[in-house]
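Structural characterization, general
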Amino acid sequence: MSSSYRVGEFAKLAGITVRALHHYDRIGLLKPQRGTSGIRLYRLEDLERLEQIAALKFLGIPLQEIKLLLKHGPLTLVDSPHVQREALAEKRKLICRAIVAIEAAEKVIQSGQTTDASIHRKIIEVIDMQPQENFMRKYYTDQAWLNRNRIVHQTPVEARKKNLQAWRQLFTEIEAAIDLDPASAPAQALAKRWLQIIETANGGNEAVRGGSIEAWNDRENWPQDQQDKLLASFGLDLHDRTASMQRVGAVTKFMGRTIGHKVQSSLRGLYGLDSS
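Definitions and cut-offs
Once a new chain begins, its residue numbering starts again from 1 and follows that chain's sequence as written. Local features are withheld for residues below a pLDDT of 70 in this predicted model, meaning they are given only at 70 or higher, and side-chain atom pairs are given and counted only at 80 or more; totals for whole chains, interfaces and linings count all residues. Calculated side-chain values reflect all of the structure's heavy atoms, with hydrogen atoms and water omitted. Numbering goes from the N terminus for both helices and strands, where a helix is a DSSP run of H or I of at least four residues and a strand is a run of E of at least two. The contact criterion used throughout is that any non-hydrogen atoms of two residues lie within 4.5 Å. For every accessible area listed, the method is Shrake-Rupley and the probe measures 1.4 Å; residues are considered covered only by the protein chains on display. For helices, the axis comes from a line fit to the C-alpha atoms of the stretch in contact; other axes are also lines fit to C-alpha atoms, and the angle between any two N-to-C directions lies between 0 and 180 degrees. Oblique is the label for any angle not covered by the other classes, which are roughly parallel (under 35 degrees), roughly antiparallel (over 145) and roughly perpendicular (65 to 115). Under the scheme applied, nonpolar residues are Ala, Val, Leu, Ile, Met, Phe, Trp, Tyr, Cys and Pro; charged residues are Asp, Glu, Lys and Arg; polar residues are all the others, including Gly. You can read pLDDT as the predictor saying how much it trusts each residue, on a scale of 0 to 100. A strand pair is defined by DSSP finding two or more bridges across the two strands. Note on terminology: a nonpolar core comprises buried Ala, Val, Leu, Ile, Met, Phe, Trp, Tyr and Cys residues joined through side-chain atoms within 4.5 Å. Think of it in three bands: residues with accessible area under 20% of the maximum for their type are buried, residues over 50% are exposed, and the middle band is partly exposed, with areas taken using a 1.4 Å probe on protein chains only. Side-chain rings of Phe, Tyr and Trp, where Trp is taken by its six-membered ring, are said to pair if the distance between their centres is within 6.5 Å; with planes under 30 degrees apart they count as stacked, over 60 as edge-to-face, and otherwise as tilted.

**Side note on the overall build of the chain**
- When helices and strands are counted, the chain shows 13 helices and three strands.
- A separation of at least 24 residues holds for 58% of the contacts in the chain among residues at least 6 apart in sequence.
- Working note: accessible area of the chain is about 16900 Å², and carbon and sulfur atoms make up 56% of it.

Right, dumping it as structure tokens:
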């Protein structure tokens with residue numbers, strides 16, 4: 001039979017504060033059993049769940065989101081030591097980049113020189129990555145999230161800039177051709193380029209692609225700052241966000257019809273429905 005621990009004993013065993021355990025209990029994240037006198041009693045099984053909470057919290061996931069993630073049982077992320085190790089390694093890379101950027105600023109300041117704006121911008125970009133990751137995280141499976149981060153980190157900056165420029169150019173061309181017949185050759189050529197850019201951004205990974213599609217389809221519910229980043233990437237007007245988001249929606253619908261026509265044509269050919 002497993003032993004039970006009072007809150008103070010469990011806190012010492014787990015290396016966590018009693019206050020944190022009380023908070024986890026209050027929000028329903030880690031609920032202990034109750035003794036006859038109402039005291040909190042923890043088991044070794046609770047230590048395993050606490051380890052899961054600690055790992056997800058370290059990755060920057062908010063407590064309320066962790067609660068939802070663990071609602072239906074343990075996650076693959078914490079079930080697999082290999083996957084968990086990779087997740088922590090990605091977090092370490094983010095921290096290391098921030099340290100390098102800050103050290104560069106310190107050296108410039110110590111030398112008495114005026115700090116370059118690019119140094120400050122780099123620090124802000126690195127630190128600002130975390131809230132963005134927290135927001136986008138919900139659209140991906142645990143392994144897909146790791147793969148996505150790996151693809152981002154391994155893609156050279158110049159390659160990312162080139163991909164962004166290609167997106168902006170293609171968006172402009174699609175808007176100009178939005179009245180075309182989706183079945184026409186020019187429309188199909190645009191769709192092919194659209195899919196090629198998506199495939200490049202997702203590194204050809206099916207799971208990452210699935211998460212990216214889910215995120216894209218939910219763009220109307222993104223925080224305003226994330227929507228603004230999307231609009232800015234296409235060179236759209238941020239002062240009239242409603243109209244700009246509608247333009248994105250119109251381009252997306254046109255691409256959906258164009259790609260859908262190709263899929264339907266392929267299926268008809270596959271099943272011989274086009275034969276006379």
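**Observations concerning the packing of helix α1 (residues 7-14) against helix α2 (residues 18-26)**
- At a minimum axis distance of 9 Å, the contact between α1 and α2 shows a crossing angle of 110°. Here α1 lies roughly perpendicular to α2, going by the angle between them. Along the contact surface, α1 presents V7, G8, F10 and A11, while α2 presents V18, L21 and H22.
- Across the contact of α1 with α2, the residue classes tally to five nonpolar, two polar and no charged.

**Let's talk about the confidence of the model for the chain**
- Scored by pLDDT, the chain has a mean of 79; 75% of the residues are at 70 or more.
- Of all the helices and strands in the chain, helix α5 (residues 76-79) carries the lowest mean pLDDT, 46, while strand β3 (residues 40-42) carries the highest, 92.
- Low pLDDT, under 50, characterises residues 76-80; the stretch is placed with 11 contacts to residues that sit more than four places away or in other chains.

**Observations concerning the sheet that holds strand β1 (residues 5-6)**
- Spatially, three strands are ordered β1-β3-β2 in an open sheet, and the strand pairing comes out antiparallel. At either end of the open sheet lies a strand with only one pairing partner, and these are β1 and β2 (33-34).
- Here two bridges tie β1 to β3, and the two strands are oriented antiparallel to one another. Note on β3: the bridge partner recorded for R6 is L41.

**Concerning the nonpolar core**
- Membership of the largest hydrophobic core comes to 30 residues, with the highest contact counts inside it found for Y139, I174, W194, F234, V248 and M255.
- Those elements giving two or more residues to this core turn out to be α7 (117-136), α8 (142-154), α9 (157-176), α10 (185-201), α11 (206-217), α12 (224-233) and α13 (241-270).
- V7, L30, L50 and L56 belong to the second-largest nonpolar core, a separate cluster that totals 15 residues.

**Focus: the packing of aromatic side chains**
- Under the defined criterion, the tally for this structure stands at six aromatic pairs.
- Between W194 and W216, the aromatic rings sit 6.3 Å apart at their centres with planes inclined by 85°, giving edge-to-face as the arrangement. With a gap of 22 residues between them, W194 in helix α10 and W216 in helix α11 connect regions that are remote in the sequence.
- The class of W194 is buried, set by a relative accessible area of 7%.
- Using a relative accessible area of 19% as the deciding quantity, one classes W216 as buried.
- Put simply, the rings of W167, F171, W194, W216 and F234 pair up and form one aromatic cluster.

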